[in-house]
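# Close look at the chain arrangement
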Amino acid sequence: MTSYAPKVGDPISSLDTPSMIVDIRLMNANIQKLFATLLPTGRNIRPHLKTTKSAILAQKLVDAGAKGGCVAKLSEAEIMTARGFPDLLVTCEIVGAAKLKRLVALYRKNRKLRIVVDSIKGASAINDALAEDDEKNGLLEPLNVLIDLDVGLRRTGIDAGQPASQLAAHIATLSKLKLIGVQGYEGHLQHVHGDEERKAQCLASMAILTSTADALRGEGHDIQVVTTGGTGTAEFCATVPGVTELQPGSFIFMDTDYRNAIGAERYGQSLTILATVVSKQTPSQVTIDTGLKSLTTDSGLAECKDQRYTYGCLGDEHGSLRWEEGTPPLDVGDRVEMVPSHIDPTINLHDVYYAHEGGVIQDMWPVDTRGKVQ
Ligand code: PLP
Ligand code: MN
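Residues numbered from 1 in each chain as written. Chains lettered and ligands numbered in written order. Predicted model: local features only at pLDDT ≥ 70, side-chain atom pairs only at ≥ 80, totals over all residues. Heavy atoms only, no water.

The criterion, for reference: UniProt positions are given in the numbering used here, feature names are shortened, and annotations may be inferred rather than shown by experiment.
Per an unreviewed UniProt entry, the chain goes by D-serine dehydratase-like domain-containing protein and derives from Emericellopsis cladophorae. Quoted verbatim from the Sequence similarities (unreviewed entry) field of UniProt, the annotation for the chain is "Belongs to the DSD1 family."

So this is what it looks like as structure tokens:
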């Protein structure tokens, strides 16, 4: 038994650091705002669970009106299924013999699973794996699949036009895959600054997506799902006829990168990393116990919630906070809250959320799919 066991009712001041803390009121306000904006548009909301990595939070989103969730990786889908959350779309391509084995095993447990493909080779390999298992064990109905379409991100996704049509025609010949829709994620637009510019570029991407869905329908395919959108674009995607499903993730907690792009008005910073001052280096500079192990830097440095203090990363375990003359000085033992710059990979560095109201712990949620990189 460890002597350190935080519990509900404890003040967050008693937490060891670094700790990931969530302001429940701000988080609930973010959830409420997103669903109040998007539910009336009639779109399905399938939040991307790559942000929270938590079955408890996935269920909270369903309670707010979500229909299922997205995961990025098969290993995330395995965990979420085991936690009783099976209605999942895996938004990344599933490639390679080891993954195909896992996919078949998971599909045996979870017939609600949806996946994406963006190549004839990839679709055939998945179909072959499913068909082989069906031959041995029987009773395996076709797996619901969406064509992943490139709408400008140039990450994954097949090109619109002839390539997409050929892939759809190929899937139609496969006995163990059922084509149900198209995914087109405009990830390159999520952080475009300024609503007007982001909206204009988003609508151009949506035109590629919805015209492809229409073209595929014209070729006889039963395209029911047209899925897209993130925190920066979901409300624009929802105005486009033909878009049926939205995949925002980061809105629940936000980060400084999103705040810089879409403003602080829509969603609040509901998650911070609690840190302790461990050393005083100069009269206007201290060292805190958050570095690369607890805050990511790919989208710029995290910020101190109290903006009078400027953060600098000092490596794996440490960071600095500096301030101008006249600012109340920090000293060894003081606590600060750090606002992450990129929420998804920051959460991946922590085991548990300490959810609090007014500084009192109300709940603790495990980060179920932490480290599920495969
Ligand atoms: N959909 C896909 C395919 C994604 O990769 C992501 C994030 O990377 C999202 C949706 C959610 O976007 P956000 O967290 O920016 O809301
Ligand atoms: Mn991200």
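That shown, we press on.
## Considering the side chain of Ser341
Basically, it comes down to this: Strands are runs of DSSP state E lasting at least two residues, helices are runs of H or I lasting at least four, and both sets are numbered from the N terminus onward. For this analysis, a polar contact is any N or O atom pair within 3.5 Å, provided that within protein one partner can donate a hydrogen and the other can accept it, and provided that sequence-adjacent residues contribute only side-chain to side-chain pairs.
As for its placement among the helices and strands, Ser341 is situated in the loop between strand E15 (335–339) and helix H10 (343–347). Side-chain polar atoms of Ser341 contact the backbone oxygen of Thr296, separated by 3.3 Å.

## Description of the domain arrangement of the chain
What counts, and what does not: Here the bounds of each domain stem from an automatic or database domain assignment. Residues count as neighbours in contact if any of their non-hydrogen atoms are within 4.5 Å of one another. We define buried area as the total accessible area lost by two parts upon association, computed with a 1.4 Å probe and summed across both.
Segmentation of the chain into domains returns domain 1 (12–18 + 266–366) and domain 2 (25–252). For domain 1 versus domain 2, the separation of C-alpha centres amounts to 34 Å. On the side of domain 2, 22 residues touch domain 1, which itself brings 14 residues to the contact. Considering only the surface of domain 1 that becomes buried against domain 2, Arg266, Tyr267 and Trp365 emerge as the three largest contributors, covering 45% of it.

## Quick look at the site of ligand 1
Stated precisely, the cut-off is as follows: A cutoff of 4 Å decides nearness: a residue is near a molecule or strand if any of its heavy atoms lies inside that distance of it. Under the convention used here, a 1.4 Å probe and the Shrake-Rupley method define accessible areas, while residue burial counts only the protein chains that appear. Residue classes follow a fixed rule: Ala, Val, Leu, Ile, Met, Phe, Trp, Tyr, Cys and Pro count as nonpolar, while Asp, Glu, Lys and Arg count as charged, and any other residue, Gly among them, counts as polar.
For ligand 1, the set of nearby residues contains 14 residues, the closest of which are Thr231, Gln247, Gly249, Ser250 and Tyr258. Within the side chain of Thr231, one N or O atom sits 2.6 Å away from an oxygen atom of ligand 1. A distance of 2.6 Å is found between a nitrogen atom of ligand 1 and a side-chain nitrogen or oxygen belonging to Gln247. Here ligand 1 has 390 Å² of accessible area as a free molecule, and 93% of this is covered by the chains. Its residues assigned to classes, the shell around ligand 1 comprises three nonpolar, nine polar and two charged.

## Some remarks on the nonpolar core
Where we set the bar: Take the buried Ala, Val, Leu, Ile, Met, Phe, Trp, Tyr and Cys residues and link them wherever side-chain atoms come within 4.5 Å; each set so joined is a nonpolar core. Per-residue accessibility, obtained with a 1.4 Å probe over protein chains only, is compared with the maximum for each type, and a residue is labelled buried under 20%, exposed over 50%, and partly exposed between these values.
In terms of nonpolar packing, the biggest core is built from 96 residues, with Leu113, Phe253, Leu321, Met338 and Tyr353 touching the most fellow members. The two domains that each donate at least three residues to this core are domain 1 (12–18 + 266–366) and domain 2 (25–252).

## Concerning the packing of aromatic side chains
Two aromatic rings, taken as a pair, are described by how far apart their centres are and by the angle between their planes. We count it as follows: To pair, rings of Phe, Tyr and Trp, with the six-membered ring standing in for Trp, must have centres within 6.5 Å; the planes then decide the type, stacked if under 30 degrees apart, edge-to-face if over 60, and tilted in the middle. Definition used: whenever NZ (Lys) or CZ (Arg) falls within 6 Å of the ring centre and also within 35 degrees of the ring normal, the charge is taken to sit over that ring.
Within the structure shown, the criterion is met by four aromatic pairs. On the basis of an interplanar angle of 55 degrees and a centroid distance of 6.0 Å, the ring pair of Phe251 and Tyr267 is categorised as tilted. With Phe251 in the loop between strand E9 (245–246) and helix H9 (256–262) and Tyr267 in the loop between H9 and strand E10 (271–282), the pair connects residues that are 16 residues apart, well separated along the chain. What makes Phe251 buried here is its relative accessible area of 1%. The exposure class of Tyr267 is buried, given its relative accessible area of 6%. Cluster of aromatic residues (ring-pair linked, three or more members): Phe253, Tyr353 and Trp365. It is Arg111 that lies over the ring of Tyr107; its NZ or CZ is 5.4 Å from the centre.

## Side note on the side chain of Thr210
By the secondary structure assignment, Thr210 is in helix H7 (residues 195–218). Contact partners of Thr210, with chain neighbours within four places excluded, come to Val240, Pro241, Gly242 and Val243.

## A look at the sheet that holds strand E7 (residues 177–183)
Within a beta sheet, neighbouring strands are joined by backbone hydrogen bonds and run either parallel or antiparallel to one another. For clarity, the threshold we go by: A pair of strands is considered paired only if DSSP assigns at least 2 bridges between the two. Axis definition: a line fitted to C-alpha atoms, limited for helices to the stretch in contact. Angles are taken between N-to-C directions and run from 0 to 180 degrees.
Read from one edge of the open sheet, eight strands run E2-E9-E8-E7-E6-E5-E4-E3, paired in parallel fashion. The outermost strands of the open sheet, each flanked by one partner alone, are strand E2 (44–45) and strand E3 (69–71). Inspection of the sheet shows strand E6 (residues 143–148) paired to E7 by six bridges, in the parallel sense. Opposite Asn144, over in E7, you have Lys178 as the bridge partner. Helix-sheet contacts for helix H3 (residues 74–82) involve E3 and strand E4 (88–90), and the interaxial angle to E4 is about 165 degrees.

## Considering the environment of Lys67
For Lys67, the location among the structural elements is in the loop between helix H2 (55–64) and E3. Note: C-alpha distance between Lys67 and Val243 (176 residues apart in sequence) is 15 Å. When residues no more than four places from it in sequence are discounted, the contact partners of Lys67 are Asn44, Ile45, Arg46 and Asp87.

## Topic: the UniProt feature "domain: D-serine dehydratase-like" (unreviewed entry) in the chain
The UniProt record annotates "domain: D-serine dehydratase-like" (unreviewed entry) at residues 270–357. In residues 270–357, helix accounts for 6% and strand for 42%; the two terminal C-alpha atoms are 11 Å from one another.

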